[in-house]
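Now for the letters of each chain:
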Amino acid sequence: MTVEGNTANWNARHFCPSCGSPVFGVSDGAGEIEIRLGAFDAAPTDLAPTYELWVARREKWMPPLAGAKQYDGNRA
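Residues numbered from 1 in each chain as written. Predicted model: local features only at pLDDT ≥ 70, side-chain atom pairs only at ≥ 80, totals over all residues. Heavy atoms only, no water.

Colleague: Can you break down a nonpolar patch on the surface residue by residue, with the values?
Modeller: On the surface, a cluster of nonpolar side chains totalling about 420 Å² of accessible area is made up of Val26, Ile33, Ile35, Leu37 and Phe40. Residue position: Phe40 is located in the loop between strand S4 (33-35) and strand S5 (51-52). (Patch = residues over 30% accessible without salt bridge, like charges linked within 9 Å, V, L, I, M, F, W, Y side chains within 5 Å. Areas by Shrake-Rupley, 256 points an atom, 1.4 Å probe, with all protein chains shown as cover. Salt bridge = Lys/Arg side-chain N within 4 Å of Asp/Glu carboxyl O. Helix = DSSP H or I, 4+ residues; strand = E, 2+ residues; numbered from the N terminus.)

Shown next as structure tokens:
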């Protein structure tokens, strides 16, 4: 991963140092990076989620994502 520019960070989460908006987070040991969609000029349309977290808190009107593994909380 290459990051250009400065970020403020706390507990593996990185924020814009000017406004404090969350930009990305680095997972501990899973080799994944969570990038907030607001960090993109245009949202990527060619990505497909492979899992969902915290589905136990999903709003009843939101359907599960087809083909994505479901976790009631964080992945263990």
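Colleague: Please set out the pattern of salt bridges residue by residue, giving values where relevant.
Modeller: Between side chains of opposite charge, pairing is possible as soon as their charged atoms come close. Taken as a whole, this structure holds two salt bridges when the rule is applied. Between Arg75 and Glu32 there is a salt bridge whose closest N-O contact spans 2.7 Å. One end of the pair, Arg75, is in the segment after strand S6 (69-70); the other, Glu32, is in the loop between strand S3 (22-26) and S4, with 43 residues separating them in the sequence. By relative accessible area, which is 33% here, Arg75 ends up partly exposed. One salt bridge connects Glu52 with Arg58, and the closest N-O pair in it is separated by 2.9 Å. Here Glu52 falls in the buried class, since its relative accessible area comes to 14%. (Buried < 20%, exposed > 50% of the residue type's maximum accessible area, 1.4 Å probe, protein only.)

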